[in-house]
Each structure stands twice: as structure tokens, then as C-alpha cells.
Amino acid sequence: MTTTLGSSRPTPEGLRGLVQPDRVHGSLYTDPAIFAAELERIWYSTWVYVGHVSEIPRPKDYVRKTIGPQQIVMTRDTDGGVHLLQNRCAHRGNLVCEADRGHSGSFRCPYHGWTFSNTGDLLGAPFNQGYGGREGLKELGGLATVPRVGIYRGFVFGSLAAEGPTLEEHLGAAAERLDRLARLSPEGEVELTAGFVQHEVEANWKMLVENETDGYHPQFVHSSIFSISGSSIGDLYSDKSTAVTRALGGGHSENDLAPEFRRLGVPMGWAGTPESKIPDYVAQMRDVYGTETGDEIMINGSPHIMIFPNLFVAEIQLFSIQPLAVNRTVQHVTAIQFKGAPDLNRRLVTQCVGSVGPAGMLLADDAEMYERNQRGVEQLRPEWLDLRRGLGRETTDDDGYTIGTATDETSMRSMWSHYLTLMDPQPATAPQESTVEGAQA
Amino acid sequence: MTVAKGDDEATPGIELGVVASEFATVKVTLEQGGSGARLRVEDLRADAVRYLDALELESLVWAPEDWWRRLLDPSLHRWRDAGRGPEIESLPPG
Ligand code: FES
Ligand SMILES: [Fe+2]
């Protein structure tokens with residue numbers, strides 16, 4: 001499909017004017033035409049996190065997921081393979097699966113009974129003489145599949161574009177953070193089995209992406225949960241902190257708190273959980289990895305990383321961001337669980353209920369800011385959002401990544417520069433054409 | 001094998017449970033009576049019953065994937081234009 005830019009579509013030159021090195025224009029959060037272009041060039045083109053293999057452990061399990069506004073069914077076939085299907089009947093487009101999850105090797109559309117395998121094949125349609133019998137059925141289509149499916153450490157990503165960078169290229173340095181997360185399991189595997197809570201906010205999706213690794217806000221927005229829970233996490237986001245904000249490329253960024261956790265030097269200190277509360281877990285980690293490595297893993301802790309455009313791992317919880325409209329976004333949230341760590345997992349669920357559950361105090365604080373921020377940027381002036389914090393004190397780390405202090409806006413600036421490469425796939429000097437490359441699928 | 005509507009004569013059985021998804025709801029009972037055991041499978045949404053004996057159940061275990069795919073074609077059985085085409089038809093193997 002080739003989409004011709006209409007007069008209301010944002011042009012590459014127009015976008016370059018809106019995204020500048022030290023500021024971005026408010027219309028990027030409010031203009032429906034820009035949102036439509038983002039769906040096409042980002043959400044329906046790049047790799048997007050969809051779900052985790054642990055959500056469909058057995059053959060014939062399925063779970064409903066999303067890629068932005070697109071409804072996806074993630075299935076496990078008889079041979080253990082993972083498939084991503086578009087939840088749209090090949091007959092007249094009805095939603096085929098309605099339950100959030102289930103166990104079924106085939107799906108029967110409730111409208112006229114067309115029946116599909118969990119890999120998308122059409123198995124049959126009622127009264128098929130109307131199609132010329134079984135021979136005629138061959139002319140009919142099955143469920144559309146997501147053209148590219150990639151799995152890293154059990155995390156399932158999908159790309160609605162048939163071509164583009166590989167998942168490994170897309171993840172880049174972010175992959176190592178998922179490794180680090182998985183190593184916190186004595187069996188090396190993350191499990192997302194605690195169930196999801198959905199938080200919907202009236203805000204643009206990029207407000208959320210930017211906030212996830214914004215180390216400037218926690219001391220203000222989250223002061224109440226920090227004081228009530230006695231958490232010292234807030235102190236890590238200050239000018240005195242040795243933690244850094246790191247741009248990982250590809251729009252990914254992290255708040256690397258490990259330097260502070262290492263200074264603390266206490267296994268599981270990052271989780272605020274003393275060893276005595278989870279003796280089985282600590283013993284098993286030392287047993288499996290050896291005392292030195294096991295302690296190192298438990299001291300360094302879990303990553304705090306935003307994997308562009310929608311996967312946010314915040315130490316003990318995982319968020320998947322789903323844009324629905326220019327000012328409407330859903331966050332799907334769950335407690336991270338580690339395979340083979342039942343005592344730790346119980347604590348993590350309890351902690352997540354307090355932070356991101358229906359009455360949780362952490363995400364509710366952020367949600368309030370997202371919605372106030374959205375209402376704010378809808379005001380006409382002063383038009384721009386400032387992005388210059390720490391611009392003059394950025395450095396390059398040993399691995400070549402740009403880093404800022406714990407409270408600097410390094411992560412946002414790198415997100416926006418990647419955004420521009422996706423939204424404007426042609427180099428600035430190349431002659432402009434009237435088609436959008438990213439939309440070709 | 002026949003599809004019986006509703007309950008026939010009461011046979012003592014162990015209700016094993018209901019196997020349900022958003023697509024179907026089926027009650028499974030293990031019945032012991034007469035001269036042997038059988039499985040009673042009831043479509044709770046349509047009030048239809050089928051009884052399966054040991055050899056039939058064993059055959060299900062060994063039935064090839066392709067047979068199962070054909071079985072799931074609605075035109076094979078319940079929603080078949082009996083008068084308008086071959087008696088049995090479905091998607092060809094593969
Ligand atoms: S729309 Fe699905 S069978 Fe008609
Ligand atoms: Fe009707």
C-alpha cells in the first residue's frame with residue numbers, strides 16, 4: 001500500500017520544524033493528523049511489544065493483545081509456535097475473539113460461523129454450497145497475520161510491516177537489559193502471569209513514553225508514596241545521585257540506578273526487600289549462579305528502561321503503552337514475576353498492587369500529570385515544550401552512549417531524534433517525494 | 001454414533017466438569033452402566049448429547065491433525081446444505 005500525503009498530513013519539512021534539539025512543539029501532542037501519521041509510520045511499521053510467551057504456556061492457549069488501536073490475538077500452535085493474528089473475521093470483519101484469553105485451537109466467528117485455526121487458516125464456513133462447496137472455500141481468505149513476529153527472552157514483538165530492521169537491530173542495547181531482567185530469575189526466565197490492570201488516560205502516548213525515564217519528576221509527583229512507604233528511591237533522582245539517564249539509541253532510554261544500588265551494596269536492596277524476607281530466593285540465586293555472581297545480580301537489580309515505542313520495564317512492574325487517539329492512551333500494567341522465585345513473586349505482586357494497582361499510588365500520580373499535561377499543551381501559548389535540561393552537561397560513556405545526570409532530559413531528546421527518523425524516513429537533503437516509505441507494507 | 005437430544009434414561013455417572021471457551025460449552029460425564037463405561041458429552045448450548053465408548057475415544061487420540069481440521073468445518077455436519085451438494089465435504093487434506 002502506498003499512501004499519498006494529503007494536504008492535512010504532516011510533511012517531513014513540517015515535522016522537522018516541530019522537533020528541534022532543545023524543544024518540541026505542542027501540536028505534536030494534539031494534532032490528529034500527526035497522530036494518524038504516527039500510527040502509519042511508527043506503530044504500523046516498527047517493532048512493537050505485544051505480549052510474553054508465558055501468557056500462553058500451553059498449545060491452543062490464546063490471549064488478546066494490541067498494537068496501538070489494532071486488535072491482535074496471540075496464539076500458541078500445537079508445535080509450540082507463537083502466532084499473532086489480526087482479530088478480524090475474513091468474512092465481514094467481525095471481531096472473532098471476544099474473551100481476554102482462553103484455550104481453543106480454533107476460533108468460530110459468532111456472526112456467521114466461519115471457523116479459523118489458531119494459525120489463521122480458514123477451516124470452513126457454514127453451508128458452503130453458497131461458495132461452490134469446498135473448492136470455493138479455497139478462494140476465501142483466513143485471518144490476517146502480523147507479517148513479522150520476533151521473540152526475545154520470551155518477549156513477543158510484532159511488526160505490521162513486512163520489511164524493515166530485524167528485531168535484534170531494533171532492540172540494540174535494550175536486549176542486554178532484558179537479559180539482565182531475566183537473570184534475576186534463578187531459572188533465567190521472566191513470567192507475566194500476575195494478570196494485567198488497564199489504566200486509561202486522556203493524554204497523548206508520547207507524554208507517557210517521555211515520563212517513563214524522566215528522572216526530574218519523581219521527587220515532586222511521587223513524594224507521597226515515597227514518604228508513606230519509606231522508600232529511598234526518590235533520593236536516587238537528585239543532583240547528588242550517581243545514577244545516570246542513558247540514551248540507548250533506537251528511541252530507547254534508561255534510568256540506570258545500578259551505580260547507586262552498587263554503592264548500597266545490599267542484595268535486593270534495589271527492591272527494598274531485606275534478604276531475611278526472601279531467604280529461599282536468595283539461597284537459590286547463590287546456588288544457581290554462585291555466591292559472587294548471584295550477589296552481583298541481586299545487587300545490580302532490575303532495569304528501568306523504556307523500549308520504544310511501548311514497552312516500559314520499571315524494576316518490578318511492566319507497562320505496555322497503547323495509543324487509541326491523539327489524546328487517549330491505555331497502559332496495560334502487570335507485576336513482573338520470576339520463574340522459580342515464589343517467595344519473591346508474592347512480594348512483587350503486593351508491591352505492585354500498592355504502586356500500580358487500581359488504588360495504587362505511583363501510577364495514579366503519573367496519570368494525573370499526563371492528563372494535566374495534555375490539557376496544558378492544548379493551550380495556545382507558549383507553544384513549545386522545553387527539552388534543554390542537562391543539554392550542556394551530557395557526556396559519552398565507555399560504551400559510546402550519551403548519558404546525562406539522573407534528572408536530565410537526555411532520554412527525551414534521544415526519543416525525539418529517533419522519532420524524526422521514523423516520521424521522516426528520507427534524509428533532509430534527498431529530494432522530497434509525495435509518498436511515505438514507512439507506509440508501504 | 002448418534003446425537004441424542006436431551007437426556008435419555010438416567011445412567012449413574014461421575015460429572016467430570018464443564019469444558020468451556022467463548023466458542024463452546026460442553027459438559028462431560030463418565031457413565032458406568034449396562035455392560036461397560038462410556039463418556040457422555042453434552043453440548044450445553046444446543047442441548048445435544050453424544051456418547052463415546054473406549055474405542056471411539058482411543059481413535060480420537062490417534063486421529064491425525066488433518067482429520068481434526070476437517071471435523072471443525074461447520075459445513076461437515078451441523079451447518080451442511082444436505083440437499084445441495086455431496087453428502088460429506090470439507091476442506092481437502094492440508
Ligand atoms: S463476519 Fe465472521 S462469519 Fe460473517
Ligand atoms: Fe438479526
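If you're wondering where the values come from, they're calculated on a predicted model, not measured in any experiment.

Before going further, it helps to spend a moment on the overall build of chain A. Along the backbone of chain A there are 15 helices and 24 strands. Its C-alpha radius of gyration of 23 Å places chain A within 12% of the 22 Å reference for a compact globule of 441 residues. Across its three principal directions, the C-alpha atoms of chain A cover 75 × 55 × 40 Å. With 441 residues in all, chain A has 55% of them scored as buried. Within chain A, residue pairs in contact and separated by at least 24 positions form 64% of the contacts whose partners lie at least 6 positions apart. Total accessible area on chain A stands at roughly 18,600 Å², and carbon and sulfur atoms take up 50% of it. Counting 38 positive and 56 negative side-chain charges, chain A places the centres of these two groups 4 Å from one another.

Detail in the predicted coordinates should be disregarded across regions flagged by low pLDDT. On average, residues of chain A score 93 in pLDDT, and 94% of them reach the 70 mark or higher. This model gives residues 1-7 of chain A a pLDDT under 50, and the stretch forms 17 contacts once residues within four places in sequence are excluded.

Residue and element names in this part refer to chain A. Spanning 14 residues, helix H15 (residues 410-423) covers 20 Å between terminal C-alpha atoms, matching the ideal 20 Å at 1.5 Å per step. Counted residue by residue, H15 has 12 buried out of 14 residues, so it is predominantly covered. Taken together, the buried positions of H15 are Thr-410, Ser-411, Met-412, Arg-413, Ser-414, Met-415, Trp-416, His-418, Tyr-419, Leu-420, Leu-422 and Met-423.

Here the focus is the interface of chain A and chain B. The interface of chain A with chain B comprises 28 residues on the first partner and 20 residues on the second. With both sides pooled, the region where chain A packs onto chain B buries about 1,900 Å², and carbon together with sulfur makes up 55% of that total. Applying the counting criterion to the chain A and chain B interface returns 1 salt bridge. With a shortest N-O distance of 3.1 Å, Asp-121 of chain A and Arg-69 of chain B are connected by a salt bridge. Summed over the shared surface of chain A and chain B, the number is 9 residue pairs in polar contact (both at pLDDT 80 or more). Listing elements by their share of the side of chain A that touches chain B, those giving two or more residues are strand E8 (106-108), strand E9 (115-117), strand E10 (122-124) and helix H3 (133-137) of chain A. Looking at the side of chain A that touches chain B residue by residue, the class counts come to 11 nonpolar, 12 polar and 5 charged.

What follows deals with the domain arrangement of chain A. Residue and element names in this part refer to chain A. Each domain of chain A was delimited in the assignment, giving domain 1 (55-152) and domain 2 (175-419). Between the C-alpha centres of domain 1 and domain 2 the distance comes to 35 Å. Between domain 1 and domain 2, the contact holds 6 residues from the first and 9 residues from the second. Carbon and sulfur atoms make up 55% of the surface buried where domain 1 meets domain 2, a total of about 630 Å² over both sides.

Moving on: the side chain of Arg-148 of chain A. Residues and elements named next belong to chain A. Following the sequence through the fold, Arg-148 ends up in strand E11 (residues 148-152). One buried charged side chain, Arg-148, makes no salt bridge at all; its nearest oppositely charged neighbour is Glu-169, positioned 7.0 Å away. Of the polar contacts made by the side chain of Arg-148, one reaches the backbone oxygen of Pro-165; its length is 3.0 Å. Discounting chain neighbours no more than four positions away, the residues touching Arg-148 are Ser-45, Trp-47, Phe-157, Gly-158, Ser-159, Ala-161, Ala-162, Glu-163, Gly-164, Pro-165 and Thr-166.

Residues and elements named next belong to chain A. In space, the 3 strands of this open sheet follow the order E3-E12-E11, with antiparallel pairing throughout. Among the strands making up the open sheet, the edge pair consists of strand E3 (48-52) and E11. Strand-to-strand twist across the sheet, computed as the mean angle between neighbouring axes with direction ignored, equals 30 degrees.

Residue and element names in this part refer to chain A. All told, the structure shown has 28 salt bridges over all chains when counted by the stated rule. Here Asp-386 and Arg-388 are joined by a salt bridge, their closest N and O atoms 2.7 Å apart. By relative accessible area, which is 39% here, Asp-386 ends up partly exposed. Linked by salt bridges that have partners in common, Glu-176, Arg-177, Arg-246, Glu-254, Asp-256 and Asp-397 make up one network.

On to the pairing of E3 of chain A, then. Residues and elements named next belong to chain A. Within E3, 5 of the 5 residues are buried, which leaves it mostly tucked inside the rest of the structure. As defined by bridge partners, E3 adjoins strand E12 (residues 155-159) across 4 bridges and the pair is classed as antiparallel. The residue of E12 that forms the bridge with Val-48 is Gly-158.

Residues and elements named next belong to chain B. On the surface, a nonpolar cluster with roughly 270 Å² of combined accessible area is contributed by Ile-14, Leu-16 and Leu-30. Relative to the elements of secondary structure, Ile-14 occurs in strand E2 (residues 13-20). With a relative accessible area of 54%, Ile-14 lands in the exposed category.

Glancing now at the packing of aromatic side chains. Residues and elements named next belong to chain A. The tally for this structure, following the rule as stated, stands at 12 aromatic pairs over all chains. Ring geometry for Trp-43 against Trp-205: centres 5.0 Å apart, planes inclined by 85 degrees, an arrangement best described as edge-to-face. You can see Trp-43 sitting in helix H2 (residues 32-43) and its partner Trp-205 sitting in helix H6 (residues 205-212), a full 162 residues away along the chain. Among the residues examined, Trp-43 registers a relative accessible area of 1% and is labelled buried.

Residue and element names in this part refer to chain A. The step from Phe-308 to Pro-309 runs through a cis peptide bond, and the omega angle for that step is 0 degrees. Put simply, Arg-381 and Pro-382 share a cis peptide bond, and its omega is 10 degrees. Mapped onto the elements, Pro-382 comes out in the loop between helix H14 (361-377) and strand E22 (384-386). For Glu-315, which is not glycine, the phi torsion reads 55 degrees and is therefore positive. Structurally, the position occupied by Glu-315 is in the loop between strand E18 (311-314) and strand E19 (317-325). For Glu-383, which is not a glycine, the phi torsion comes out positive at approximately 60 degrees.

This paragraph deals with the sheet that holds strand E7 (residues 101-103) of chain A. What links the strands of a sheet is backbone hydrogen bonding, and the strands pair in either a parallel or an antiparallel sense. All names here are of chain A. On the basis of which strands lie adjacent, the open sheet formed by 4 strands has the order E6-E5-E4-E7 and antiparallel pairing. Edge positions in the sheet fall to strand E6 (82-86) and E7, since each of these pairs with one other strand and no more. When the angles between neighbouring strand axes are averaged without regard to direction, this sheet yields 30 degrees. Pairing geometry for strand E4 (residues 61-67) and strand E5 (residues 70-76), over 6 bridges, is antiparallel.

What counts, and at which threshold
- Counting from 1, residues in each chain are numbered in the order their sequence is written.
- Throughout, the order in which chains and ligands are written sets their labels, letters from A for the former and numbers from 1 for the latter.
- Given that this is a predicted model, residues contribute local features only at a pLDDT of at least 70 and side-chain atom pairs are listed and counted only at 80 or more, while totals for whole chains, interfaces and linings are drawn from all residues.
- Only hydrogens and water are set aside when side-chain values are computed; all heavy atoms of the structure are taken into account.
- Secondary structure counts use DSSP, requiring at least four H or I residues in a row for a helix and at least two E residues in a row for a strand, with both numbered from the N terminus.
- Both definitions apply: the radius of gyration is a C-alpha atom measure, and the globule rule equals 2.2 Å times residues to the power 0.38.
- Only protein chains enter the accessibility calculation, which uses a 1.4 Å probe. A residue is then buried if its area is under 20% of the maximum for its type, exposed if over 50%, and partly exposed in between.
- What makes two residues a contact is simply this: any of their non-hydrogen atoms within 4.5 Å.
- Surface exposure here means Shrake-Rupley accessible area, sampled with a 1.4 Å probe, where a residue is shielded only by the protein chains that are shown.
- Residues scored as positive are Lys and Arg, those scored as negative are Asp and Glu, and His as well as the terminal groups of each chain are ignored.
- Taken as the charge centre is NZ of Lys, CZ of Arg, CG of Asp or CD of Glu, depending on the residue.
- Scored between 0 and 100, pLDDT is the confidence that the predictor attaches to each residue.
- To estimate the expected span of a helix, subtract one from its residue number and multiply by 1.5 Å.
- Throughout, buried area stands for the accessible area (probe radius 1.4 Å) lost by two parts on being put together, summed over both.
- A side-chain nitrogen of Lys or Arg and a carboxyl oxygen of Asp or Glu constitute a salt bridge if their distance falls within 4 Å.
- Residues adjacent in sequence count toward polar contacts only when both atoms are side-chain atoms; beyond that, a polar contact is any pair of N or O atoms within 3.5 Å, and within protein one must be able to donate a hydrogen and the other to accept it.
- Amino acid classes used here: Ala, Val, Leu, Ile, Met, Phe, Trp, Tyr, Cys and Pro are nonpolar; Asp, Glu, Lys and Arg are charged; the rest, including Gly, are polar.
- Where each domain starts and ends comes from a domain assignment, either automatic or drawn from a database.
- Paired strands, as defined in this entry, are two strands with at least two bridges between them according to DSSP.
- Whenever a helix is involved, its axis is fitted only over the stretch in contact; in every case the axis is a line through C-alpha atoms, and angles between N-to-C directions fall within 0 to 180 degrees.
- A residue counts toward a patch only above 30% relative accessible area and without a salt bridge, and it is joined to like-charged neighbours within 9 Å or, for Val, Leu, Ile, Met, Phe, Trp and Tyr, to nonpolar neighbours within 5 Å.
- Each Phe, Tyr or Trp ring, with Trp reduced to its six-membered ring, pairs with another whose centre is within 6.5 Å; inter-plane angles below 30 degrees give stacked pairs, above 60 give edge-to-face pairs, and intermediate values give tilted ones.

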